[in-house]
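# Results of the structural survey
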Amino acid sequence: MTKHVPAPAGSGDAAAGAAHVPGQAGGGRRPRPGPRTPAQPPNSVPRALLRALPVGPAVVLMLLFLAGPIAYCVWIAFTDLQLSGQAESSFVGLENFRTAFGDEGFINAVWLTLVFTILSSIVGQNTLGLALASLMQRASKAVRTVTGAIVITAWVVPEVVAGFLLYAFFRREGTLNSVLDWLHLPSQNWLYTLPILAVSFANIWRGTAFSMLVYSAALSEIPKEITEAAEVDGAGGWRKLWHVTLPMIRRSIATNLMLNTLQTLSVFGLIWAMTRGGPGDRSQTLPLFMYEQAFKNSLLGYGTAVALLLLLVGALFSLVYMRMLRTEV
Amino acid sequence: MPTSTLTRDDPPPPRSPAPRRRGRFARTPAGRKHSRRLAADLCLLLAALAFVLPLAWLVFSSVDADSGLTARPPTDVTWDNFDAVMTTDITFRPLLNSLILCGGATAVTVVAAALAAYPLSRYRSRLNRPFMLTILFTTSLPITAIMVPVYGLFVQINLIDSMSGTALFLASSQLPFAIWLMKNFMDGVPKVLEEAAWTDGASSMQALVRVILPLMGPGVVVVTIFSFIMMWGNFFVPFMLLLSPDQMPASVSIFELFGNMGSVVYGELAAFSILYSAPAVLLYVLIARRLGGGFALGGAVKG
């Protein structure tokens with residue numbers, strides 16, 4: 001529609017400038033009341049730049065502090081850069097990666113990271129979050145409010161504080177063992193015998209609220225008629241869950257699994273506060289391994305190579321997550 | 001407001017359909033519903049108990065004169081632990097550092113995100129989609145993984161141990177998510193109002209500041225508080241990028257109290273943990289309701 005308007009207007013007041021214009025170019029330069037339509041190609045580039053200007057600060061910040069380090073990461077992962085004393089580093093190709101895959105410590109860290117991620121994020125946070133959310137749908141209001149508040153508080157408390165709380169909880173003389181004693185069950189020094197289990201439970205304690213919130217939102221969007229129809233057809237609790245509820249919230253499940261996994265992959269403070277990766281290296285997941293190599297052993301290049309691998313895994317998950325969300329962009 | 005009351009009133013519906021059912025089914029489902037509710041309540045209370053135990057330890061031992069590692073009601077309630085940690089070195093300077101660091105970074109994040117969200121939300125461009133996809137991709141990258149190279153980079157450009165450098169990094173790491181949220185909130189503001197402002201001769205920046213941002217006030221508050229809470233709890237970034245003890249924010253300085261494991265005064269650690277966590281928890285309470293309202297609003301506009 002607006003495409004037709006400029007032409008008469010342009011020729012109308014072009015009495016002075018008609019001589020030198022091959023049509024729209026001259027008219028388009030004047031400010032006119034219809035600048036919101038992408039009509040004139042000649043001045044659309046400067047205008048697009050002007051319009052995009054506000055994005056500038058954000059882009060500069062992200063290029064400097066996010067893209068820069070990632071590029072730098074890719075570069076020094078292939079060098080033998082060390083933290084102290086070395087004047088210059090040299091390019092060593094894939095040496096760091098070769099070292100990593102032959103390094104028992106690294107393999108150990110990969111396994112522990114897998115256990116930690118599967119146990120705490122995929123099994124723990126996800127399932128418990130779904131269970132809590134669906135129980136909340138049926139529970140009375142008071143119970144729902146109290147439980148929600150407690151679980152969310154565990155989530156909002158800063159990471160390091162959560163670490164200390166669970167350190168106290170799992171210690172030999174801590175709360176868990178008192179409860180077990182009271183129940184006449186065997187107690188043990190959890191942080192020493194099963195450190196990876198303890199930190200996994202800590203991550204469940206801390207992260208379940210997020211899944212709970214995601215699933216509460218998803219479950220409340222299932223129309224009542226559908227679940228009631230299933231009930232009338234005689235579907236019991238589990239069958240209803242499997243055939244009705246889960247298929248209807250599958251997008252939320254996928255999103256939640258992805259986000260939980262990404263978050264869990266990069267947990268550092270929680271484990272650091274609880275065990276520092278110990279005893280020995282029995283709770284040393286990849287982020288802690290990376291830290292130790294880079295700073296305790298001063299092998300910045302090697303630590304970065306490990307970081308790059310972690311980043312790649314994260315990027316892979318992130319891409320999958322994006323594919324799932326692509327309709328919403 | 002109306003949206004929040006709508007969601008608040010959600011519970012009644014499950015009860016009301018029961019009587020409407022056909023006669024022969026009337027009693028059983030209602031009875032089953034009742035016992036199911038009871039079972040759900042019990043399960044939830046059990047879960048709540050498990051979740052509350054570590055928190056109970058925190059509260060109990062912070063006021064216990066003789067606190068150990070087990071959660072138990074204090075026999076001797078005292079404020080000594082709080083008195084002991086309420087000093088410049090232990091509490092006030094780290095909290096002030098946290099405030100400066102996270103406050104500054106949040107301000108940068110929110111301003112940059114609001115500016116960036118404006119063209120993304122208002123103008124059509126072929127670049128919008130790739131840009132938003134990149135943003136989405138970046139939101140889920142593990143920031144922990146790039147901390148080693150960031151450390152290396154900060155050493156090279158001499159930004160290591162600088163509050164402003166650390167704040168800028170924190171701001172950038174939070175930016176992708178802030179832009180994403182801000183853009184979605186901004187999409188909810190009708191364009192008509194802003195076009196009216198344009199007709200009255202306002203520039204687009206004036207429209208942004210005078211019309212759009214006030215209209216999406218709750219959204220801006222959510223982005224601000226959410227970013228702040230995330231940074232307030234962040235341990236790894238200041239732990240890596242700051243070196244001198246008198247610049248350390250509370251998330252790092254708390255380890256001083258923890259000291260060498262074993263010789264810890266648990267009561268004081270608990271007291272300080274409460275002081276340090278309180279702002280995050282209180283701010284969350286502040287937006288919890290708006291978060292619900294805001295998301296409900298977004299859904300209403302979209303759907």
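Rules used throughout
Residues numbered from 1 in each chain as written. Chains lettered and ligands numbered in written order. Predicted model: local features only at pLDDT ≥ 70, side-chain atom pairs only at ≥ 80, totals over all residues. Heavy atoms only, no water. Helix = DSSP H or I, 4+ residues; strand = E, 2+ residues; numbered from the N terminus. Buried < 20%, exposed > 50% of the residue type's maximum accessible area, 1.4 Å probe, protein only. Contact = heavy atoms within 4.5 Å. Areas by Shrake-Rupley, 256 points an atom, 1.4 Å probe, with all protein chains shown as cover. Buried area = accessible area lost by both parts, 1.4 Å probe. Polar contact = N/O pair within 3.5 Å; in protein donor to acceptor, adjacent residues only side chain to side chain. Nonpolar A, V, L, I, M, F, W, Y, C, P; charged D, E, K, R; others polar. Expected span 1.5 Å × (residues − 1). Phe/Tyr/Trp six-rings, centres within 6.5 Å; stacked < 30°, edge-to-face > 60°. Salt bridge = Lys/Arg side-chain N within 4 Å of Asp/Glu carboxyl O. Patch = residues over 30% accessible without salt bridge, like charges linked within 9 Å, V, L, I, M, F, W, Y side chains within 5 Å. Lys, Arg positive; Asp, Glu negative; His and termini not counted. Charge placed at Lys NZ, Arg CZ, Asp CG, Glu CD. pLDDT = per-residue confidence, 0-100.

This part covers the overall build of chain B. Looking only at helices and strands, one finds 15 helices and 0 strands in chain B. Counting only residues that meet the buried cut, chain B has 49% of its 303 residues in that class. If you take every contact in chain B between residues at least 6 apart in sequence, the share linking residues at least 24 apart comes to 70%. Here chain B displays about 14700 Å² of accessible surface, and carbon together with sulfur accounts for 65% of that area.

Each partner contributes residues to the interface: chain A has 89 residues there, and chain B has 87 residues. Note on chain A versus chain B: buried area summed over both sides is about 7900 Å², and carbon and sulfur give 80% of it. The interface formed by chain A and chain B includes 5 residue pairs in polar contact (both at pLDDT 80 or more). Among the elements that take part in the side of chain A that touches chain B, helix H4 (residues 56–76) of chain A stands out by supplying 13 residues, more than any other. Per-class residue counts for the side of chain A that touches chain B are 62 nonpolar, 13 polar and 14 charged.

Relative to the helices and strands, A:Arg206 resides in helix H11 (residues 195–220). A:Arg206 has contacts with A:Ala154, A:Trp155, A:Val157, A:Pro158, A:Glu159, A:Ala162 and A:Leu270, leaving out every residue within four places of it along the chain.

Attention shifts here to helix H7 (residues 141–156) of chain A. Over its 16 residues, H7(A) extends 22 Å from the first C-alpha to the last, a length consistent with the 22 Å expected when each residue adds 1.5 Å. What H7(A) keeps buried is the set A:Val143, A:Thr147, A:Gly148, A:Ile150, A:Val151, A:Ile152, A:Ala154 and A:Val156.

This part is about the packing of aromatic side chains. All names here are of chain B. On inspection of all chains with the given rule, the structure shows 30 aromatic pairs over all chains. A ring pair is formed by Phe235 and Phe255, whose centres lie 5.1 Å apart and whose planes are at 40 degrees; its orientation type is tilted. Highlighted residues: Phe235 in the loop between helix H12 (217–233) and helix H13 (236–241) and Phe255 in helix H14 (residues 250–258), separated in sequence by 20 residues. Since its relative accessible area comes to 0%, Phe235 is described here as buried.

Further remarks concern the side chain of B:Ser162. For B:Ser162, the position within the fold is in the loop between helix H8 (147–156) and helix H9 (163–187). With residues near it in sequence (within four places) discarded, B:Ser162 still touches B:Leu241, B:Leu242 and B:Gln247.

To continue, consider the pattern of salt bridges. Residue and element names in this part refer to chain B. Throughout the structure, instances matching the rule amount to 2 salt bridges over all chains. Measuring nitrogen to oxygen at the nearest pair gives 2.7 Å for the salt bridge that ties Glu194 to Arg122. Taken as a pair, Glu194 in helix H10 (residues 191–199) and Arg122 in helix H6 (residues 88–122) lie far apart in primary sequence, 72 residues in all. Classification of Arg122 as buried rests on a relative accessible area of 6%.

Quick look at a nonpolar patch on the surface now. All names here are of chain A. Where nonpolar side chains cluster on the molecular surface, the patch consists of Phe101, Ile107, Trp111, Leu114, Ile118, Ile122 and Val123 and spans about 670 Å² of accessible area. It is helix H6 (residues 104–138) that contributes the most residues to the nonpolar patch, 6 residues altogether. With respect to the helices and strands, Phe101 occurs in helix H5 (residues 95–102). Look at Phe101 and you get exposed, because its relative accessible area is 54%.

Okay, a negative patch on the surface next. There is a patch of like negative charges on the surface, built from B:Asp66, B:Asp76, B:Asp80 and B:Asp83. The residue B:Asp80 is located in helix H5 (residues 80–85) in this model.

Here we take up the environment of B:Pro249. Position of B:Pro249 relative to the elements: it lies in the loop between H13 and H14. Ignoring any residue separated from it by four or fewer positions in sequence, one finds B:Pro249 in contact with B:Pro94, B:Asn97, B:Ser98, B:Leu101, B:Pro238 and B:Leu242.

The next thing to look at is the confidence of the model for chain B. Residues and elements named next belong to chain B. This prediction gives chain B a mean pLDDT of 78; 83% of its residues lie at or above 70. Ranking the helices and strands of chain B by mean pLDDT puts H13 first, with 90, and helix H1 (residues 2–8) last, with 39. Counting interchain partners and residues more than four positions distant, the pLDDT-below-50 stretch residues 293–303 has 7 contacts.

Residues and elements named next belong to chain A. Checked against the element boundaries, Gly129 lands in helix H6. The exposure class assigned to Gly129 is buried, which follows from its relative accessible area of 0%. A sequence separation of 82 residues divides Gly129 from Ser211, and the C-alpha atoms of the two residues are 4.8 Å apart. Filtering out sequence-adjacent residues up to four positions away, Gly129 remains in contact with Gly124, Thr208, Ser211, Met212 and Tyr215.

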